[in-house]
Amino acid sequence: MATIAPGVKTGPYHAVLDHIHPEPTSFIRKYIFSIDHKVIGIQYMITGGLFFLIAGMLAEVIRYTLLQPQGQMGISAATYNGVYSMHGSAMVWLVIIPLVTGAFGNFVMPLQIGARDVAFPWLNLLAFWMFPVAGVILFSSFLIGAPDAGWTEYPPISVQGPPGTTLWCIAIFLIGVSSTLTGINFIVTIYKMRAPGMTLTRMPLFVWAQFATAGLSFIATTALAAALLALFCERVFNVPFYDPSRGGSPVLWQHMFWFYSHPAVYIMILPAFGIVSEVLPTFSRKPIFGYKMIAFSTVAIALLGFSVWAHHMFTSGMVPWLQLPFMIITMLIAIPTGVKIFSWVATLWGGSIRWTTPMLFATGFLITFTLGGLTGFFLAAVPADYHEHGTYFVVAHFHYVLYGGSVMGLFAGFYYWWPKMTGRMYNEAMGQWHFWITFVAFNCTFMPMHWLGLMGMPRRVPIYDPAAWYVFWNQFASISSFVLAASMLLFAYNFWSSFRSGKIAGPNPWGARTLEWMISSPAPYYNFKKIPAVLATPYDFGNPLPYLGLEAAEGATEATPTHSSHPVPTY
Amino acid sequence: MAQRIVKPKTNLGPGFWPITALIVVVSLIMSYFTWNSAWPIGLIPAGDPAPATDFLFKFLGVAAAWIFNIVTIYTIYFGIVFRQPKHAPASTIGVQIHDHPVLEFWWTVIPTIMIIVLGIISVKIWADIQNTQGDVLTVEAIGYQFGFQFRYPKLAQPVSGVMHLPLNTPTTIHVTSRDVIHGFWIPEMRIKADMVPGLVNTLRVTPTVPGTYRIICTEFCGLGHGAMKTTVVVETQQDFSKWFAQQGATTGGGGGGAIPLAAGKADVGKALFGQKCSACHSTGPFDQKIVGPGLGTIFNDPAHPKLVNGADPTPQNVAKIIHDGYSGPIGVMPSAQMNGLTNADIGNLVAYLASLSKK
């Protein structure tokens with residue numbers, strides 16, 4: 001082993017565990033009100049998973065209704081409106097955002113930076129418990145009349161909406177506070193608690209993604225909170241923020257809502273980028289291509305993401321020239337995004353690729369997300385958006401980036417870190433079947449929505465044109481969505497059976513090199529007995545591990561690398 | 001031992017150039033069909049901004065096809081040729097390359113150039129649409145739960161249901177709403193604007209193909225949103241004039257005409273006041289404000305000898321404020337157009353206000 005590199009600080013972090021709070025022994029302190037980031041991460045995962053189940057079933061109610069064009073399936077318009085609104089709200093705020101930040105951020109990020117916990121464990125506990133409470137409040141709005149104006153809840157219709165809309169305001173406000181707290185916690189953790197020697201450019205890319213995401217949650221969510229508070233006051237106390245007949249402005253809501261909700265799109269996708277950036281090099285057995293450009297583009301996307309919100313409002317009514325800067329900046333985001341995508345493709349080149357389930361999902365992500373990004377371009381160009389705004393084309397676009405992007409990334413992350421969470425392997429064949437069914441059914445569900453929208457089908461309708469062409473493609477999408485839902489059974493069964501009787505994984509089943517794989521699986525209570533020193537980026541598969549002072553977990557060291565026997569010349 | 005890795009000499013592998021050629025051929029074929037399709041969106045272009053929008057759409061389609069093919073085909077190809085051989089040890093590593101500054105430079109610069117070109121084309125088409133001639137005919141479209149009304153100049157009453165437009169006539173459509181936000185979309189003409197209460201959005205279109213086209217609401221507006229549709233009939237000038245005459249065109253009323261003050265009926269105005277004005281105005285003295293001032297003594301108030309715009313309190317000047325709306329230090333009032341008031345309505349309202357001041 002080399003000597004400690006110059007510039008590596010030794011200090012309190014480097015100390016052996018000399019001051020240990022004993023691991024709590026009571027069930028409640030250990031599993032319910034735990035302050036351990038790993039337990040909280042898994043709590044987020046289970047809660048988010050339950051909400052995913054509910055919100056997914058709501059999606060199937062939507063597709064079930066649309067099997068017939070004129071409401072013949074027996075779902076009333078009122079029910080339908082509540083269902084699609086709750087589907088969108090729950091998927092965004094109760095599923096994707098908590099899973100990408102709360103679940104994976106909490107579980108993986110401190111391990112990857114060599115920390116023993118997040119900076120503020122009690123704050124973390126508080127932030128987590130706001131989440132199930134918000135979820136219960138949101139879903140209980142079904143009891144008194146669910147909100148019906150979509151996840152965007154544009155006033156004035158949302159001011160007149162069913163009583164549940166008030167609960168919606170409260171629930172989303174609460175989840176916003178939780179998200180802000182987590183953002184603050186992660187910024188401080190990543191900034192202050194990295195292991196010695198882990199400079200910013202030695203951080204794993206997933207940590208970079210969490211860093212940028214935390215900044216977004218921390219800054220943008222306040223705008224949403226203000227908008228929600230105003231909507232709450234208008235509904236409950238009759239304060240006319242948005243009512244035009246009393247001097248309010250409905251467009252004000254749209255500005256404030258999208259000032260949060262466009263960055264929220266990046267809150268949902270950047271961590272998925274981070275997951276993919278971990279999975280691709282691990283299974284290609286080569287360094288991530290263009291590390292610095294990927295890290296830099298993550299930050300660039302987050303920064304640019306703040307100045308594009310009004311591209312959701314090209315038809316809403318604003319000074320026409322103002323559309324141009326929003327269009328141009330939106331298009332500029334394609335540059336850092338393109339850099340990432342090309343770097344990922346280049347990471348595959350010359351690899352020694354093992355086609356495991358996480359790798360399949362990461363590659364599937366690459367293809368479906370690219371398509372979603374490209375349709376984003378069609379929506380950014382203002383004149384084209386005049387045609388596409390508010391149609392199924394938009395629905396197709398954001399499901400390609402959110403399901404084809406975020407959820408595919410989440411699946412990759414689940415399969416990838418499952419052994420670290422439980423110490424057991426899942427069933428590989430079942431995992432691969434899950435991928436292929438998901439990939440095909442996903443594309444069959446959402447691809448037809450592109451042309452349905454272009455041809456004239458608006459969003460958020462329980463009835464549509466009864467012409468045979470529309471009926472065919474809607475039925476095609478609906479039946480595909482049922483298959484997509486069924487594939488989740490495979491996923492659930494796989495993890496259930498793995499949890500009960502999966503093969504023991506060992507500390508590093510993938511031969512990965514980031515710090516979380518250097519300790520035993522499942523990770524011990526204090527993560528690292530001794531905080532390691534970090535000498536280099538984690539992605540150099542040809543080199544010895546760049547960590548000093550690790551108490552080696554059994555079997556954690558990599559086997560001596562063998563060079564590719566592949567026909568493509570390497571050195 | 002952290003060895004320094006000598007930058008490996010690499011070649012791209014056996015199938016790289018054939019696959020690259022495949023990408024080019026597939027993309028060229030897709031570009032050819034996209035570029036030469038008459039209806040890239042799948043719908044006939046029936047009005048003036050549509051061909052420009054379709055051109056932009058084709059351009060975007062070609063650019064997207066190339067990028068999608070490059071990413072997908074290389075991903076699949078690399079995934080196949082660089083897979084780990086079945087019996088190789090799992091720790092077999094790939095090419096240890098970290099980056100390639102030249103390659104990264106080009107894949108940043110080429111998309112940037114593409115975006116600049118695309119930006120210029122989009123701005124150009126956007127400017128064309130914004131500068132489209134419109135004003136030969138001005139129609140006002142008003143959304144309500146759940147339908148559309150259309151006001152034409154010189155028609156005293158709004159037309160409910162179907163919109164009619166004369167062929168090849170540059171038309172401006174002002175859209176607004178009476179209640180919640182609606183959308184106004186004519187897919188065949190590629191135009192859309194939200195109908196926002198308290199706000200007037202403007203569309204310009206020149207219908208070029210006779211026919212009947214859909215008008216669709218694209219913003220969620222309540223239980224009837226899915227059914228909120230109507231049609232626009234594009235017809236020759238003669239047919240349009242014939243239809244127009246049937247709607248009871250009057251020379252006295254309408255957008256440019258005078259307001260029929262003499263014909264105003266106070267009792268009709270009173271009912272109208274309850275529907276349209278009383279949310280903001282009381283019928284008490286000036287200081288009895290709800291949002292705007294009380295109007296009970298508007299024609300006869302020693303404390304306020306002038307109207308809020310500084311004009312003398314004559315019926316003509318009051319009618320003018322109702323017609324044009326007001327925006328000033330004490331607040332904002334929407335115009336008659338946005339309030340859905342005809343000139344006849346204004347006459348009735350003025351008569352009612354005058355009757356209040358006489359008491």
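Just so it is clear, the structure is predicted and the values come from calculations on it, not from any experiment. (Residues numbered from 1 in each chain as written. Chains lettered and ligands numbered in written order. Predicted model: local features only at pLDDT ≥ 70, side-chain atom pairs only at ≥ 80, totals over all residues. Heavy atoms only, no water.)

Attention now goes to the overall build of chain A. The number of helices and strands found in chain A is 15 helices and three strands. Computed over the C-alpha atoms, the radius of gyration of chain A is 24 Å, within 12% of the 25 Å expected from 2.2 N^0.38 for a compact globule of 571 residues. Dimensions of chain A along its principal axes, counting C-alpha atoms only, are 75 × 55 × 50 Å. Looking at chain A as a whole, 67% of its 571 residues qualify as buried. (Helix = DSSP H or I, 4+ residues; strand = E, 2+ residues; numbered from the N terminus. Rg over C-alpha atoms; globule rule 2.2 N^0.38 Å. Buried < 20%, exposed > 50% of the residue type's maximum accessible area, 1.4 Å probe, protein only.)

Below, the discussion takes up the environment of Ala384 of chain A. With respect to the secondary-structure elements, Ala384 of chain A resides in helix α12 (residues 382-388). Remark: the alpha-carbon pair of Ala384 of chain A and Ser26 of chain A, spanning 358 residues in sequence, is separated by 60 Å. Beyond its immediate sequence surroundings of up to four residues, Ala384 of chain A is in contact with Phe378 of chain A together with Thr53, Leu56, Phe57 and Leu60 of chain B. (Contact = heavy atoms within 4.5 Å.)

So, about the confidence of the model for chain A. Residue and element names in this part refer to chain A. Per-residue confidence for chain A gives a mean pLDDT of 90; residues scoring 70 or more make up 93%. Within the model, the stretch residues 1-5 combines pLDDT values under 50 with ten contacts to residues more than four positions away or in other chains. The model gives residues 554-560 a pLDDT under 50, and that stretch makes 14 contacts with residues more than four places away or in other chains. (pLDDT = per-residue confidence, 0-100.)

Let us look at the interface of chain A and chain B. Chain A puts 102 residues into the contact, and the matching count from chain B is 91 residues. Interface area for chain A against chain B, summed over the two sides, is near 8100 Å², with a carbon-plus-sulfur share of 70%. In terms of surface lost to chain B, no three residues of chain A exceed Phe342, Trp349 and His387 of chain A, which account for 9% of the buried area on that side. Where chain A packs against chain B, one counts 27 residue pairs in polar contact (both at pLDDT 80 or more). Looking at the side of chain A that touches chain B, the element that brings in the most residues is helix α10 (residues 323-348) of chain A, giving 14 residues. Tallied by class, the residues present in the side of chain A that touches chain B amount to 60 nonpolar, 31 polar and eleven charged. (Buried area = accessible area lost by both parts, 1.4 Å probe. Polar contact = N/O pair within 3.5 Å; in protein donor to acceptor, adjacent residues only side chain to side chain. Nonpolar A, V, L, I, M, F, W, Y, C, P; charged D, E, K, R; others polar.)

Here we come to the side chain of Asp148 of chain A. Relative to the assigned elements, Asp148 of chain A resides in the loop between α4 (121-144) and α5 (157-160). Of the side chains with opposite charge, Arg235 of chain A comes closest to the buried, unpaired Asp148 of chain A, at an N-O distance of 7.5 Å. Ignoring anything within four residues of it in the chain, the contact list for Asp148 of chain A reads Asn81, Gly82, Tyr84, Ser85, Glu153, Gly161 and Pro162 of chain A together with Phe220 of chain B. (Lys, Arg positive; Asp, Glu negative; His and termini not counted. Salt bridge = Lys/Arg side-chain N within 4 Å of Asp/Glu carboxyl O.)

With 254 residues, the main nonpolar core has Trp93, Phe104 and Trp344 of chain A together with Tyr152, Met163 and Phe184 of chain B as its most contacted residues. Excluding anything up to four places from it in sequence, Trp344 of chain A contacts Phe273, Val276, Ser277, Leu280, Ile288, Ile294, Phe365 and Leu366 of chain A. By size, the runner-up hydrophobic cluster in this structure holds 21 residues, among which are Phe273, Ile321, Leu349 and Leu356 of chain B. (Core = buried A, V, L, I, M, F, W, Y, C linked by side-chain atoms within 4.5 Å.)

Let us look at the packing of aromatic side chains. Residues and elements named next belong to chain B. All told, the structure shown has 84 aromatic pairs over all chains when counted by the stated rule. Relative to Trp17, the ring of Phe16 has its centre 5.0 Å away and its plane inclined at 90 degrees; by these criteria the two rings are edge-to-face. According to the relative accessible area criterion, Phe16 is buried, its value standing at 10%. A centroid spacing of 6.1 Å and a plane angle of 75 degrees characterise the contact between Phe148 and Phe184, whose relative ring orientation is edge-to-face. (Phe/Tyr/Trp six-rings, centres within 6.5 Å; stacked < 30°, edge-to-face > 60°.)

Residues and elements named next belong to chain B. Within strand β11 (residues 229-235), five of the seven residues are buried, leaving the element largely enclosed by the surrounding structure. Strand direction decides the pairing type here: strand β5 (residues 163-166) and β11, joined by four bridges, are parallel. Bridge assignment links Pro166 to a residue of β11, and that residue is Glu235. (Pairing = 2+ DSSP bridges.)

Here we take up helix α11 (residues 357-380) of chain A. Between the first and last C-alpha of α11 of chain A there are 34 Å, a value that for 24 residues agrees with the 34 Å anticipated at 1.5 Å per step. Within α11 of chain A, 23 of the 24 residues are buried, which leaves it mostly tucked inside the rest of the structure. (Expected span 1.5 Å × (residues − 1).)

All names here are of chain B. Among the five residues of strand β3 (residues 147-151), five are classified as buried, and the element is accordingly described as predominantly covered. Of the two faces of β3, the one lined by Gly147, Gln149 and Arg151 and the one lined by Phe148 and Phe150 are each fully buried. One ladder, built from five bridges, connects strand β2 (residues 137-144) with β3; its direction is antiparallel. Paired with Gly143 across the two strands is Phe148, which belongs to β3. Counting the residues in the hairpin turn of β2 and β3 gives two residues. For β3 and strand β4 (residues 159-160), the ladder comprises two bridges, and the chain directions are antiparallel. Residue pairing for β4: Phe150 is matched across the bridge by Val159.

The next subject is the confidence of the model for chain B. All names here are of chain B. Put simply, chain B has an average pLDDT of 86, and 92% of its residues get 70 or more. Counted against residues more than four places away or in other chains, residues 251-256, with its pLDDT under 50, gives eleven contacts. The complex model carries a pTM of 0.85, and its ipTM stands at 0.90.

To continue, consider the side chain of His387 of chain A. Note on placement: His387 of chain A falls in helix α12. Setting aside chain neighbours within four positions, we find His387 of chain A in contact with Leu454 of chain A together with Ile41, Leu43, Trp185, Pro187, Arg190 and Lys192 of chain B.

The next point concerns unusual backbone geometry. Most of the time, phi is negative for any residue but glycine, and the peptide bond is trans. Following Pro155 of chain A, the chain continues to Pro156 of chain A via a peptide bond in cis, the omega torsion being 5 degrees. One can find Pro156 of chain A in the loop between α4 and α5. Note that the residue after Gln145 of chain B, namely Phe146 of chain B, is joined by a cis bond; omega there is 5 degrees. Within the chain, Arg285 of chain A stands out as a residue other than glycine whose phi angle is a positive 55 degrees. Looking at the element boundaries, Arg285 of chain A is found in the loop between α8 (250-284) and α9 (291-304). Since its relative accessible area comes to 2%, Arg285 of chain A is described here as buried. Even without a glycine there, the phi angle at Asn527 of chain A is positive, about 60 degrees. You can see Asn527 of chain A is positioned in the loop between α15 (468-501) and β1 (533-534).

To describe two helices that pack against each other, one gives the angle between their axes and the distance between the axes. All names here are of chain A. For the pair helix α2 (residues 37-65) and α15, interaxial distance at closest approach is 9 Å and the crossing angle is 155 degrees. Taken together, the axes of α2 and α15 are roughly antiparallel relative to one another. Judged by the sense of rotation from one axis to the other, the crossing of α2 with α15 is left-handed. Contacts between α2 and α15 involve Phe52, Glu60, Arg63 and Tyr64 on the former and, on the latter, Asn474, Ala477, Ser478, Ser481, Phe482, Ala485 and Met488. (Axes fitted to C-alpha atoms, helices over the stretch in contact; angles between N-to-C directions. Parallel < 35°, antiparallel > 145°, perpendicular 65-115°, else oblique. Left-handed = near helix turned anticlockwise from the far one by under 90°.)

All names here are of chain B. Scanning the model with the defined rule gives six salt bridges over all chains in all. When the shortest N-O distance is used, the salt bridge between Glu188 and Arg214 registers 3.3 Å. Here Glu188 is found in the loop between β7 (182-186) and β8 (191-195), whereas its partner Arg214 is found in strand β10 (residues 211-216), with 26 residues between them in sequence. Residue Glu188 is classed as buried on the basis of its relative accessible area of 9%.

The next point concerns the environment of Met327 of chain A. Note that Met327 of chain A resides in helix α10. For Met327 of chain A, a relative accessible area of 0% corresponds to the buried category. The spacing of Met327 of chain A and Thr391 of chain A is 64 residues in sequence and 19 Å in space, taken between C-alpha atoms. Sequence-distant contacts of Met327 of chain A, defined by excluding residues within four places in its chain, comprise Phe314, Ala380, Ala381 and Val382 of chain A together with Gly119, Ser122 and Val123 of chain B.

Before going further, it helps to examine the packing of α8 of chain A against helix α13 (residues 392-422) of chain A. Residues and elements named next belong to chain A. Running from N to C, α8 and α13 cross one another at 50 degrees; their axes reach a closest spacing of 9 Å. If you check the angle between α8 and α13, you find them oblique. Crossing of α8 against α13: the hand is left-handed. Between α8 and α13, the contacting residues are Met268, Ile269, Ala272, Ile275, Glu278, Val279, Thr282 and Phe283 on the first element and Val401, Leu402, Gly405, Ser406, Gly409, Leu410, Ala412, Gly413, Tyr416 and Trp417 on the second. Each residue belonging to the contact of α8 with α13 can be placed in one class, and the counts come to twelve nonpolar, five polar and one charged.

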